[in-house]
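Examination of the molecular architecture
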Amino acid sequence: MMALVEAARDTGCPYEIVLVASDKPAAAGIAWAAAQGLPVFTQSPKGMPKRDYEALIDAALRQSGAEIVALAGYMRLLSDDFVARWRGQIINIHPSLLPNYKGLDTHARAIAAGDAVAGCSVHLVTEELDGGAVLGQAQVPILPGDTAETLADRVLAAEHRLYPQMLADFAAR
C-alpha cells in the first residue's frame, strides 16, 4: 500500500489514492495513511455477517469516488457478490508467478518444488481464488540456501516495484 501511495505522489501518475481501507483498525498501514492525510476506513468484520461487512466497504469505496480497488495485504476472500459489483475494477498482488501457487505459503511451495525462480503477479480479481487475468509479473531467482522468509523478502521488494507500475498502466487504460 505504501508503495502505491508513494508512486501516486509522482507527477503524471494516472491514479490517485482516494481511500485506504482495512479490516484491521490497528493496522500500521492505516496509521501511516492517516498521518499522510489520506482518507481511511476501518472496520473489523468480527461478529458481523460477511454480506453486511462488505456492504460497509462497498459504501465507503463508492462514497470516496473510487474507480479501482487495489488490494494490498488484504487476506480475506471477497464474496462473489462483491466481486460482481466491482467486476473488472479490482486488482491484487500475489506472491507467486501465477498460475503457479495460488493461495498461501507460496514461497515455501516454490522452494519445495525445486523451482529456479519465484516472483509476484498483479492480476484482476475474479470469483476464482488468484484466478483472474495476469496483468504483469516480476521474477525473482531462488538462491541456494533460500528459506521461505529470505525469498519472501526479495519477492516483496519486487512487489513494491511491480504493483505501482501495473496499477498505473491499469488506471491509464
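About the thresholds
Residues numbered from 1 in each chain as written. Predicted model: local features only at pLDDT ≥ 70, side-chain atom pairs only at ≥ 80, totals over all residues. Heavy atoms only, no water. Buried < 20%, exposed > 50% of the residue type's maximum accessible area, 1.4 Å probe, protein only. Helix = DSSP H or I, 4+ residues; strand = E, 2+ residues; numbered from the N terminus. Arc of directions from axis to C-beta. Contact = heavy atoms within 4.5 Å. Core = buried A, V, L, I, M, F, W, Y, C linked by side-chain atoms within 4.5 Å. Salt bridge = Lys/Arg side-chain N within 4 Å of Asp/Glu carboxyl O. Phe/Tyr/Trp six-rings, centres within 6.5 Å; stacked < 30°, edge-to-face > 60°. Lys NZ or Arg CZ within 6 Å of the ring centre and 35° of its normal. Pairing = 2+ DSSP bridges. Axes fitted to C-alpha atoms, helices over the stretch in contact; angles between N-to-C directions. Expected span 1.5 Å × (residues − 1). Bend = angle between axes of the 7 residues up to and from the residue.

1. Notes on helix 2 (residues 28–35)
- Along helix 2, the residues classified as buried are Gly 29, Ile 30, Trp 32 and Ala 33. Along helix 2, the residues classed as buried sweep out an arc of 165° about the axis, all on the same side. In helix 2, the exposed positions angled more than 90 degrees off the buried face are occupied by Ala 28, Ala 31 and Ala 35.
- Here the buried face of helix 2 lies against helix 1 (2–8), strand 1 (20–22) and strand 2 (40–42).
- A positive backbone phi angle near 85° is found at Gly 37, which sits one or two residues after helix 2.

2. Details of the nonpolar core
- Among the nonpolar cores identified, the biggest contains 23 residues, and Ile 91, Cys 120, Val 122 and Leu 162 are the most heavily contacted of them.
- In terms of residue count, the dominant contributor to this core is helix 6 (residues 148–172) (nine residues).
- By size, the runner-up hydrophobic cluster in this structure holds 16 residues, among which are Leu 71, Phe 82, Trp 86 and Val 125.

3. What about the pattern of salt bridges?
- Under the defined criterion, the tally for this structure stands at eight salt bridges.
- For Arg 62, the salt bridge is made with Asp 58, and the minimal N-O distance between the two is 3.0 Å. Here Asp 58 and Arg 62 lie together in helix 3 (residues 50–64), a separation of four residues that amounts to about one turn.
- Its salt-bridge partner being Arg 154, residue Asp 146 comes within 2.6 Å of it at the nearest N-O pair.
- Each of Asp 23, Lys 24 and Arg 76 takes part in one network of salt bridges that share partners.

4. Some points on unusual backbone geometry
- Note the cis peptide between Leu 98 and Pro 99, where omega equals 15°.
- Here the phi dihedral of Tyr 101 falls at roughly 55°; this positive angle occurs in a residue that is not glycine.
- Topologically, Tyr 101 is positioned in the loop between strand 4 (90–94) and helix 5 (106–112).
- Backbone geometry places Asp 105, a non-glycine residue, at a positive phi of 60°.
- For Asp 105, the position within the fold is in the loop between strand 4 and helix 5.

5. Focus: the packing of aromatic side chains
- Enumeration according to the criterion identifies zero aromatic pairs in this entry.
- Sitting above the plane of the Tyr 53 ring, Arg 76 keeps its charged end 5.7 Å from the centroid.
- Residue placement shows Arg 173 over the ring face of Phe 170; its charged tip is 3.8 Å from the ring centre.

6. Describing the sheet that holds strand 6 (residues 134–141)
- Spatially, the four strands line up as an open sheet ordered 3-4-5-6, and their pairing is mixed. Two strands in the sheet have a free side with no partner beyond their single neighbour: strand 3 (69–71) and strand 6. Pairwise comparison of adjacent strand axes, ignoring direction, gives a mean angle of 15° for this sheet.
- Judged from the three bridges that link them, strand 3 and strand 4 form a sheet pairing that is parallel. Its bridge partner being in strand 4, Leu 71 is matched across the sheet by Asn 92.
- Strand contacts of helix 6: strand 3, strand 4, strand 5 (117–124) and strand 6, with the helix running at about 155° to strand 6, the strand carrying the most contacts.

7. Some remarks on helix 6
- Its 25 residues place the ends of helix 6 35 Å apart at the C-alpha level, agreeing with the 36 Å of an ideal helix rising 1.5 Å per residue.
- The largest bend in helix 6 amounts to roughly 25° and is located at Glu 159.
- Along helix 6, the positions that sit buried rather than exposed are Leu 151, Val 155, Ala 158, Glu 159, Leu 162, Tyr 163, Pro 164, Met 166, Leu 167, Ala 168 and Phe 170.
- Tucked inside the fold, the buried residues of helix 6 contact helix 1, strand 3, strand 4, helix 5, strand 5 and strand 6.

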